[in-house]
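Here's the letter readout for the chains.
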Amino acid sequence: MALLPDLGTEIVIPLCAVIGIVFSLVQWFLVSKVKLSPERGGASAANNGKNGYSEYLIEEEDGVNDQNVVVKCAEIQNAISEGATSFLFTEYQYVGIFMVAFAILIFLFLGSVEGFSTKSQPCTYDEEKLCKPALATAIFSTVSFLLGAVTSVISGFLGMKIATYANARTTLEARKGVGKAFITAFRSGAVMGFLLAANGLLVLYIAINLFKLYYGDDWEGLFEAITGYGLGGSSMALFGRVGGGIYTKAADVGADLVGKVERNIPEDDPRNPAVIADNVGDNVGDIAGMGSDLFGSYAESSCAALVVASISSFGNSHDFTAMCYPLLISSMGILVCLITTLFATDFFEIKAVKEIEPALKNQLIISTILMTVGIAIVTWTCLPSSFTIFNFGTQKVVKNWQLFLCVCVGLWAGLIIGFVTEYYTSNAYSPVQDVADSCRTGAATNVIFGLALGYKSVIIPIFAIAISIFVSFTFAAMYGIAVAALGMLSTIATGLAIDAYGPISDNAGGIAEMAGMSHRIRERTDALDAAGNTTAAIGKGFAIGSAALVSLALFGAFVSRAAISSVDVLTPKVFIGLIVGAMLPYWFSAMTMKSVGSAALKMVEEVRRQFNTIPGLMEGHAKPDYATCVKISTDASIKEMIPPGALVMLTPLIVGTFFGVETLSGVLAGSLVSGVQIAISASNTGGAWDNAKKYIEAGASEHARTLGPKGSEPHKAAVIGDTIGDPLKDTSGPSLNILIKLMAVESLVFAPFFATHGGLLFKIF
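Each value, and the rule that gives it
- Each chain carries its own residue numbering, running from 1 in the direction its sequence is written.
- For a predicted model such as this one, the threshold for reporting local features is a pLDDT of at least 70, and the threshold for listing and counting side-chain atom pairs is 80 or more; totals across whole chains, interfaces and linings nevertheless cover every residue.
- Note that the side-chain values use all heavy atoms of the structure and ignore hydrogens as well as water.
- Elements are defined by DSSP. Helices are runs of H or I of four residues or more, strands are runs of E of two residues or more, and each kind is numbered from the N terminus.
- In this description the radius of gyration comes from C-alpha coordinates, and the expected globular size is given by 2.2 Å times residues to the power 0.38.
- Classification of residues uses two cut-offs on accessible area relative to the type maximum, computed with a 1.4 Å probe and protein chains only: under 20% is buried, over 50% is exposed, and between them is partly exposed.
- Here a residue-residue contact requires only that any non-hydrogen atoms of the pair lie within 4.5 Å.
- Under the convention used here, a 1.4 Å probe and the Shrake-Rupley method define accessible areas, while residue burial counts only the protein chains that appear.
- For this count, His and the chain ends are skipped, Lys and Arg are scored as positive, and Asp and Glu as negative.
- By convention, the point assigned to a charge is CZ for Arg, NZ for Lys, CD for Glu and CG for Asp.
- When two rings of Phe, Tyr or Trp (its six-membered ring) have centres within 6.5 Å they constitute a pair, described as stacked for plane angles under 30 degrees, edge-to-face for angles over 60, and tilted for the intermediate range.
- Charge over a ring is defined by NZ of Lys or CZ of Arg lying within 6 Å of the ring centre and within 35 degrees of the ring normal.
- Only the contacting stretch of a helix is used when fitting its axis, a line to C-alpha atoms as for every element, and angles between N-to-C directions run 0 to 180 degrees.
- Angular relationships are summarised with four words: roughly parallel below 35 degrees, roughly antiparallel beyond 145, roughly perpendicular across 65 to 115, and oblique for the angles in between.
- Handedness of each helix crossing follows the sense of rotation of the near helix against the far helix: counterclockwise by less than a right angle gives left-handed, clockwise gives right-handed.
- Basically, the charged four are Asp, Glu, Lys and Arg, the nonpolar ten are Ala, Val, Leu, Ile, Met, Phe, Trp, Tyr, Cys and Pro, and anything else, Gly included, counts as polar.
- Between Lys or Arg on one side and Asp or Glu on the other, a salt bridge is scored when a side-chain nitrogen of the former is within 4 Å of a carboxyl oxygen of the latter.
- Expected span of a helix, by definition, is 1.5 Å for each gap between consecutive residues, and there is one gap fewer than residues.
- By definition, a residue's bend is the angle between the axes fitted to the seven residues ending there and the seven starting there.
- The arc refers to the directions leading from the helix axis to the C-beta atoms.
- Grouping into patches uses exposed residues only, defined as over 30% relative accessible area, and leaves out salt-bridged ones; the cut-off is 9 Å for like charges and 5 Å for nonpolar side chains (Val, Leu, Ile, Met, Phe, Trp, Tyr).
- Polar contacts, as used here, are pairs of N or O atoms within 3.5 Å; protein pairs need one atom able to donate a hydrogen and one able to accept it. Residues neighboring in sequence count only if both atoms are side-chain atoms.
- Note on terminology: pairs of cysteine sulfur atoms within 2.5 Å are recorded as disulfides.

Colleague: What exactly am I supposed to notice about the overall build of the protein here?
Modeller: In terms of helices and strands, the protein carries 24 helices and 4 strands. Taking 27 Å as the expected radius of gyration for a compact globule of 765 residues, we find that the protein reaches 26 Å, a close match to that expectation. For the protein, with 765 residues in total, the buried portion stands at 64%. Across the protein, contacts joining residues at least 24 apart in sequence account for 85% of those joining residues at least 6 apart. With an accessible surface of roughly 26,000 Å², the protein has 68% of that area assigned to carbon and sulfur atoms. Considering the protein, the positive charge centre built from 48 side chains and the negative charge centre built from 62 side chains are found 2 Å apart.

Colleague: So what exactly am I meant to see when it comes to the packing of aromatic side chains here?
Modeller: How two aromatic rings sit relative to each other is set out by the distance from centre to centre and by the angle between their planes. The tally for this structure, following the rule as stated, stands at 29 aromatic pairs. With a centroid separation of 5.6 Å and an interplanar angle of 45 degrees, the aromatic rings of phenylalanine 102 and phenylalanine 145 are classed as tilted. Taken together, the residues span a long stretch of sequence, with phenylalanine 102 in helix α4 (residues 67–111) and phenylalanine 145 in helix α5 (residues 134–173) at a distance of 43 residues. Residue phenylalanine 102 shares its accessibility class with phenylalanine 145, and that shared class is buried. Centre to centre, the rings of phenylalanine 753 and phenylalanine 754 are 6.0 Å apart; their planes meet at 65 degrees, and the pair counts as edge-to-face. For the pair formed by phenylalanine 753 and phenylalanine 754, the shared burial category is buried. The ring of phenylalanine 320 carries lysine 212 above its face, with NZ or CZ at 3.8 Å from the centroid.

Colleague: Explain unusual backbone geometry to me, please; I cannot follow it from the model alone.
Modeller: One can expect most non-glycine residues to show negative phi and most peptide bonds to be in trans. With phi around 50 degrees, histidine 318 is a residue other than glycine that occupies positive phi space. In this fold, histidine 318 is placed in the loop between α9 (313–316) and α10 (320–323). Although it is not a glycine, alanine 477 sits at a positive phi angle of roughly 50 degrees. Relative to the helices and strands, alanine 477 resides in helix α16 (residues 459–489). Exposure remark for alanine 477: the relative accessible area of 0% places this residue in the buried category.

Colleague: Where do I start with the packing of helix α12 (residues 356–382) against helix α18 (residues 519–561) in this structure?
Modeller: How two helices pack is summed up by the angle between their axes together with the distance between the axes. Running from N to C, α12 and α18 cross one another at 25 degrees; their axes reach a closest spacing of 9 Å. As judged from the angle between their axes, α12 and α18 are roughly parallel. For the element pair α12 and α18, the recorded crossing hand is right-handed. Taking contact as the criterion, the partners of Ile356, Glu357, Leu360 and Leu364 in α12 are, on α18, Ala527, Leu528, Ala530, Ala531, Thr534, Thr535, Ile538 and Phe542. Across the contact of α12 with α18, the residue classes break down as 9 nonpolar, 2 polar and 1 charged.

Colleague: Mind showing me how you'd approach the pattern of salt bridges here?
Modeller: Pairing between side chains of opposite charge can happen when the charged atoms of each approach one another. Tallied over the entire structure, the rule returns 28 salt bridges. Aspartate 690 is the partner of lysine 729 in a salt bridge, and the nearest nitrogen-oxygen pair spans 3.3 Å. Taken together, the residues lysine 729 in helix α23 (residues 713–757) and aspartate 690 in helix α21 (residues 642–698) connect sequence positions 39 residues apart. Shared partners join several salt bridges into a network, and the residues in it are Lys249, Asp252, Asp529, Lys540, Asp690, Lys693, Lys694, Asp722, Asp726, Lys729 and Asp730.

Colleague: Looking at this structure, I do not really get helix α8 (residues 275–310). What am I missing?
Modeller: Given 3.6 residues per turn, any residue in an α-helix points the same way as the ones three and four places further on. In this model, α8 (36 residues) spans 52 Å end to end at C-alpha, consistent with the 52 Å of a helix rising 1.5 Å per residue. At methionine 290, α8 shows its strongest bend, of approximately 25 degrees. The element α8 is largely enclosed, with a buried count of 36 among its 36 residues.

Colleague: Hey, could you run me through helix α14 (residues 430–437) in this one?
Modeller: All buried positions along α14 are accounted for by Pro431, Val432, Val435 and Ala436. With its buried residues spanning 140 degrees around the axis, α14 presents them on a single face. In the core, the buried residues of α14 are packed alongside α13 (400–425), α15 (443–456), α21 and α22 (702–707).

Colleague: Even after reading the chapter, I still don't get a nonpolar patch on the surface, so can you show me in this structure?
Modeller: A cluster of nonpolar side chains, namely Val569, Phe575, Ile579, Val580, Met583 and Trp587, defines an oily patch on the protein surface of about 540 Å² accessible area. Residue position: phenylalanine 575 is located in helix α19 (residues 572–613).

Colleague: In this structure, what is going on with the side chain of aspartate 730? I would like to understand it.
Modeller: Looking at the element boundaries, aspartate 730 is found in helix α23. A relative accessible area of 4% places aspartate 730 in the buried class. One polar contact links aspartate 730 to lysine 729, side chain to side chain, over a distance of 3.2 Å. With residues near it in sequence (within four places) discarded, aspartate 730 still touches Gly245, Lys249, Asp286 and Lys540.

Colleague: Looking at this structure, I do not really get the packing of α8 against helix α20 (residues 626–640). What am I missing?
Modeller: Two elements in contact, α8 and α20, have axes whose closest approach is 7 Å; the angle formed by their N-to-C orientations is 45 degrees. Accordingly, the angle class assigned to the pair α8 and α20 is oblique. Each of Val275, Ile276 and Ala277 in α8 lies in contact with α20, whose residues at this interface are Tyr626, Cys629 and Val630. Each residue belonging to the contact of α8 with α20 can be placed in one class, and the counts come to 6 nonpolar, no polar and no charged.

Colleague: Mind showing me how you'd approach the side chain of serine 633 here?
Modeller: When you line up the elements, serine 633 lands in helix α20. We classify serine 633 as buried; its relative accessible area is 0%. Side-chain polar atoms of serine 633 contact the backbone oxygen of tyrosine 247, separated by 3.2 Å.

Colleague: Can you help me understand the environment of isoleucine 511 in this one?
Modeller: As for its placement among the helices and strands, isoleucine 511 is situated in helix α17 (residues 492–514). For the pair isoleucine 511 and leucine 172, spaced 339 residues apart in the sequence, the C-alpha separation amounts to 9.5 Å. Beyond its immediate stretch of four places on either side in the chain, isoleucine 511 contacts Cys73, Ile76, Ile80, Asn167, Ala168 and Thr171.

Colleague: Even after reading the chapter, I still don't get the state of the cysteines, so can you show me in this structure?
Modeller: Counting across every chain of the model gives 0 disulfides. Distance from the sulfur of cysteine 16, which forms no disulfide, to the nearest cysteine sulfur (cysteine 382) is 11 Å. According to the relative accessible area criterion, cysteine 16 is buried, its value standing at 5%.

Set out below in structure tokens:
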């Protein structure tokens, strides 16, 4: 028997979620104390900061005590916020139509499994018992799909709101020093991280309890219906990531190519017509998209673990506390991340630029170490000492310490992937410096070195994922893999805080440039931004690694659910699935890359047109027409996100219906194996090119100074590399991990239909 009684579980999970929400509101309140209105009282003069001398002196020294800078910052922030909100609303309208259509599809497909009958049926895994009819599963799967979709959309939207709220505040804080700006950006990232982790947990927990009112003791049906939650979360994430990614990169590539390479004006120069669209893009792609993406992983790994557990001894003996083990890990994660966040904002103060990256890295290390202890506590208080786990038709005996190791293996694999990603994308280490060095001989060598770096960066993460799969599967079968994925995502609040920090400081730098602030402030925001680039790459590494584990766990649940005893690669049905599945990530990447290319083409033409036709634009007398550029990005991304989305959503349906579950299992395995490789290499190549360019621009070392200043030939070559890398690291790479997960979770939700009615073509012959 577990130490924690069922009543304890029912209190602990919602309590931790509420603590997370309260903590994020407190952080938001602290950010909101930075004022964006140009009132100046004597209060700030009396406020002697920790730096020893009062803050107003520093402002005098920079000559920015003038009110028009604050007004300008507020104006720019307003424009960015409006652009992001209007884009997300447009996107959600289209996605909303899709949601409703897909919900109807789920209902029809799953309801037709038993011809829409309302009679109780014998259970799939235990023929003697009676379970609720398939119609109930259809209705409840549809409801949980909509719940997951709405939660995902809200997560992304709230993240975008707080990011656009904090960007100008970070810029203004940068006048007082780099430490203050760092805390503001980091706190706003934390708001998003905690809101998302807590909301995801709370909604899932409430859904389980509401569904229980109907299902009663039929846990197998209950948790099968809950899988819709993961499907909803990820399908929204797909459109958010692809749409947002196309938006941000069309603007970014357009702004860079005309502004930096042709006109030789700095990045984020207010004369550049695409500059507002570029800054809006950071928020809709990196923040709203990333939020929905990690929420999707999180929902799916929970669903995969719950489905497998419901047909293991936890479900058969109706042990609610042990059943909620995945949710209890996430609850523990919220508390651990809360303590970790205080290390960055309150326990230590950052005084110099070089302390930024270590502070962010320490976040990962501290949260991982604390979480290891947290997992031990949860495991020994919530699980019986020995239990059985469903393993492809047999029950496998598992001890609680083995499950503890499964979660830890996932957690530490995440840390390793994070650090390897950092090594390959941060300009503090030799890989990126080599790429920067290759710019001496032009753009071609830069591209060759960058691609090689990306391919090489795949090696260690894949070994880390392989080892965690082997260990967790050996100990606890598919349930082990599901909880390993959960372990990787257990510190999601910290991971997201670090990740959202990047785009916020990127925006802060853009606002400083547009408001015409002094060179020193721009240097501070650039330092924040370069660290943010690396952390964004780390966040993507986490997302891809967890997607691989989650997808495998979902695959296991699908195989159990579709009643396939084993998947044999040598049967032609499975092999054709494998080879086609491995092709899908390439097809998908081709679509997203081409979309970015054609949208960027339109953007470049528009920016050139404005430079050529608006008199006095280059001299700074006339204002560019920002709105047209925002409109180009919006239209392109809405139009272009449909085909890749349709490819991912329709493939499992078509394959399952016409070719049956064996071929579909091949497709899932193939897309997982090839998708992970492309995703890791694409996002690391892009990150490395971006930081190689930053390395040359910052000129912080002797080596970097020989390559630059801005505008030199090596710098131009670096900008070209960065521009090629943009769609790789922000559109194709991050969307691929959603492709992997989404196809698996969709197959799981539709498994009952495929098992009864699938494989039409093979039935004919």
